[in-house]
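Coordinate inspection notes
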Amino acid sequence: MKSDSNRLRHAASLPALLLLPAAAAYAQEVPQTYRSNVQLLVPLTSEYTYTALGSYSSTSGTPTAPGRTTLIAIPTGVKVDPVTLDIIEGALKSARYEMDAVLFRTAMSPGIREQHDAFPMIANQEGKMVVGQFGSFLYGFMQGYQGTIEDGDIFITNDPYSCDGAVSHLNDWLLMMPIFHDGRLVSWSAMFGHMTDVGGKVPGSLPTDGTTIFEAGIVVPPVKIFKGGKLNEDVLRVVLHNCRLPEWNLSDFNAITAALRTAGTRCVEIAERFGDDVFYSAMDAMLDRNKRAMRALIRQNVPETKQFFEDYICDDGLNMGPYRIKCAMWREGDKCIFDFTGTDPQ
């Protein structure tokens, strides 16, 4: 296991990486070699799978060019014994709850400190949630982001349209942090928290009569609020200047940042103890186990014949309605299908 980890740890010394359409095609062209401007973390081999994850470099490496994407080498076939898997799973669960503890003890707004309107997550390299709640916040971000991802970076956004709806309104500030170990991207930590106010036409930033997103407050696209570990004070100052309670927002922002870094510390500790490849494989095993369990639940509980449901929203805040929500559900093999045909338009 240790040899596998060492084999990949020279990633920080490699130059820019370019998205390749197919690892197999590249392997046929230049097998077991590196090329200038088009490089992998390791020579192509059947022992690894190669996944496009978004451009990144470590602080000691060369940042990738704009629009380029890193091709990450992920080991396959690394076996994890049940005891090790259970230890890593328990450690990740504890880290997830430690994120909550840090947040609730240091945030200032009642919505986060007392109501606990914030949701943590630890994900694997690909942004798939391993522990947490509300699903992965990272997929939509990674689909649209074109810049570099570096050690020490933390990203912020509150724009639902920039993260594929991972957050539902502007009050939710989403922070995402890549976690590096010895120059390698090993996982992600992320959390969003509901800010009491983010500007807009009404206090609290929840106008029930709003017709555009801009009436709800300041819209922040995905940007690096920390770059290489250094806070972008100018961006933060602009955002806070548009909020009615900047002291609360700043405190909650710092609390979420501390929670992400706590998760990063714990993930690095796990990687150092068991090795990066075992850490990856353990997370993959947890995801695969969840997939098998979900498949079994679908087969046991969802019939192949269509089931129908219909309900109404009485009013939309603008004295219009009611609006019908209609859904049909059925199973096809291992998949559960939801069909909203017949639902009223938005």
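Higher on the page you've got the structure.
First things first, this report covers the structure right here in the doc. Everything quoted here is computed from the prediction, not taken from an experiment.

Cut-offs and rules
- Residues numbered from 1 in each chain as written.
- Predicted model: local features only at pLDDT ≥ 70, side-chain atom pairs only at ≥ 80, totals over all residues.
- Heavy atoms only, no water.
- Helix = DSSP H or I, 4+ residues; strand = E, 2+ residues; numbered from the N terminus.
- Buried < 20%, exposed > 50% of the residue type's maximum accessible area, 1.4 Å probe, protein only.
- Areas by Shrake-Rupley, 256 points an atom, 1.4 Å probe, with all protein chains shown as cover.
- Salt bridge = Lys/Arg side-chain N within 4 Å of Asp/Glu carboxyl O.
- Phe/Tyr/Trp six-rings, centres within 6.5 Å; stacked < 30°, edge-to-face > 60°.
- Lys NZ or Arg CZ within 6 Å of the ring centre and 35° of its normal.
- Polar contact = N/O pair within 3.5 Å; in protein donor to acceptor, adjacent residues only side chain to side chain.
- Pairing = 2+ DSSP bridges.
- Contact = heavy atoms within 4.5 Å.
- Axes fitted to C-alpha atoms, helices over the stretch in contact; angles between N-to-C directions.

**Section: the overall build of the protein chain**
In terms of helices and strands, the protein chain carries 8 helices and 12 strands. Per-residue burial for the protein chain yields a buried fraction of 45% across its 346 residues. Of the roughly 17,200 Å² that the protein chain leaves accessible, carbon and sulfur atoms contribute 55%.

**Description of the pattern of salt bridges**
Pairing between side chains of opposite charge can happen when the charged atoms of each approach one another. Within this structure, the stated rule accounts for 19 salt bridges. When the shortest N-O distance is used, the salt bridge between arginine 184 and aspartate 277 registers 3.5 Å. Here arginine 184 is found in strand E7 (residues 184–194), whereas its partner aspartate 277 is found in helix H8 (residues 276–301), with 93 residues between them in sequence. You'll find arginine 184 and aspartate 277 in the same group, each marked buried. With its nearest N and O atoms 3.0 Å apart, the salt bridge here joins arginine 237 to aspartate 234. Taken together, the residues span about one helical turn, with arginine 237 and aspartate 234 both in helix H6 (residues 233–241) at a distance of 3 residues. Taken together, the shared-partner salt bridges connect Glu150, Asp153, Lys224 and Lys227 into one network.

**Section: the packing of aromatic side chains**
This structure, assessed with the given rule, holds 9 aromatic pairs. For the ring pair tyrosine 145 and phenylalanine 155, a centre distance of 5.1 Å and an interplane angle of 75° mean the geometry is edge-to-face. One end of the pair, tyrosine 145, is in the loop between helix H5 (138–144) and strand E5 (154–157); the other, phenylalanine 155, is in strand E5, and 10 residues separate them in sequence. No difference in accessibility class separates tyrosine 145 from phenylalanine 155, as the two residues are buried. When the centroid spacing of 6.2 Å and the interplanar angle of 5° are considered together, the rings of phenylalanine 226 and phenylalanine 253 count as stacked. Pair noted here: phenylalanine 226 is in strand E8 (residues 223–227) and phenylalanine 253 is in helix H7 (residues 246–274), with a separation of 27 residues, a long-range link. By relative accessible area, which is 8% here, phenylalanine 226 ends up buried. Members of the aromatic cluster, joined through ring pairs, are Phe119, Phe134, Phe137 and Phe192. Sitting above the plane of the tryptophan 330 ring, lysine 306 keeps its charged end 4.5 Å from the centroid.

**Thoughts on the side chain of threonine 148**
Considering the arrangement of structural elements, one finds threonine 148 in the loop between H5 and E5. A polar side-chain atom of threonine 148 sits 3.1 Å from a polar atom in the side chain of lysine 224.

**Remarks on the sheet that holds strand E9 (residues 230–231)**
Taken in spatial order, the 7 strands line up as E4-E3-E7-E6-E5-E8-E9 in an open sheet, and their pairing is antiparallel. Two strands lie at the open edges of the sheet, namely strand E4 (129–132) and E9, each paired on one side alone. Both strand E3 (residues 118–123) and E7 contribute to a ladder of 6 bridges, which runs antiparallel. Of the residues in E7, the one forming a bridge with phenylalanine 119 is phenylalanine 192. Seen against the sheet, H6 touches strand E6 (172–181), E8 and E9 and runs at an angle of roughly 125° to E8.

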